[in-house]
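Letter by letter, the chains look like this.
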Amino acid sequence: MDENDEDFMREALALAREAASADEVPVGALVVMEGAIVGRGFNQPIGRFDPTAHAEIMALRDAAARSGNYRLPGSTLYVTLEPCVMCAGAIMHARVGRVVFGAKDPKTGAAGSVVDLFGEARLNHHADIVGGVLADECGALLSGFFAARRARTEVA
């Protein structure tokens, strides 16, 4: 773990809270290059009517647009939840060098929980993976969101 990982994850958590305030699953992500945030995103598939509008994809799109390049070599992507298969693929295509995530995703995680695409030797790009950064805080945000959603559904 790098010395700034927790600070950047706190920034990703702030983005996750933006998602929650829009009634989206609270996942936030950001892309960092040379110590500066170059891309931000949070989950928006419901509001955008876009199944690809996951936090990681939104952050990668933002970073690519700002840098003028769809490849982001040497970058680090911070995300509050372990990436899914779709996001892992996008991360690889963008040539992200490092992924730091908070909570594990036992249902769709593609960085070791369900599958480990980043460890698949047959793929042509591999990012370094660091999991569990502020995992309790990231997990609590998700758990609280889903508990509140279930409570609303039970009342309705």
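Data block above holds the structure.
In this text, all values refer to a predicted model and were calculated from it rather than measured experimentally. (Residues numbered from 1 in each chain as written. Predicted model: local features only at pLDDT ≥ 70, side-chain atom pairs only at ≥ 80, totals over all residues. Heavy atoms only, no water.)

**Details of the overall build of the protein**
Put simply, the test is: Under the scheme used here, helices are H or I runs from DSSP no shorter than 4 residues and strands are E runs no shorter than 2 residues, and both carry numbers assigned from the N terminus. The quantity called the radius of gyration is restricted to C-alpha atoms. Its globule counterpart is 2.2 Å times the number of residues to the power 0.38.
From N to C terminus, the protein includes five helices and five strands. Ordering the α and β elements of the protein from the N terminus gives α-β-β-α-α-β-α-β-β-α. The C-alpha radius of gyration computed for the protein amounts to 15 Å, which stays within 12% of the reference 15 Å derived for 156 residues, consistent with globular compactness. If you line up the protein on its principal axes, its C-alpha atoms span 50 × 30 × 30 Å.

**Points about the packing of helix α3 (residues 55-67) against helix α4 (residues 85-93)**
So the rule is basically this: Fitted lines through C-alpha atoms serve as axes, helices being fitted only where they are in contact, and the angles separating the N-to-C directions of these axes extend from 0 to 180 degrees. These descriptions rest on fixed angle ranges, namely under 35 degrees for roughly parallel, over 145 for roughly antiparallel, 65 to 115 for roughly perpendicular, and the rest for oblique. Take the far helix as the reference: if the near one is turned anticlockwise from it by less than a right angle, the crossing is left-handed, and if turned clockwise, right-handed. Whether two residues are in contact is decided by their heavy atoms, any of which lying within 4.5 Å being enough. Under this grouping Gly is polar, as are all residues other than the nonpolar Ala, Val, Leu, Ile, Met, Phe, Trp, Tyr, Cys and Pro and the charged Asp, Glu, Lys and Arg.
With their axes 9 Å apart at the nearest point, α3 and α4 run at an angle of 20° to one another. If you check the angle between α3 and α4, you find them roughly parallel. The handedness of the crossing between α3 and α4 comes out as left-handed. Of α4, the residues touching α3 (which contributes E56, I57 and L60) are M86, C87, A90 and I91. Of the residues belonging to the contact of α3 with α4, the class tally is six nonpolar, no polar and one charged.

**A closer look at the environment of F145**
One can find F145 in helix α5 (residues 135-155). When residues no more than four places from it in sequence are discounted, the contact partners of F145 are A20, D23, E24, V25 and P26.

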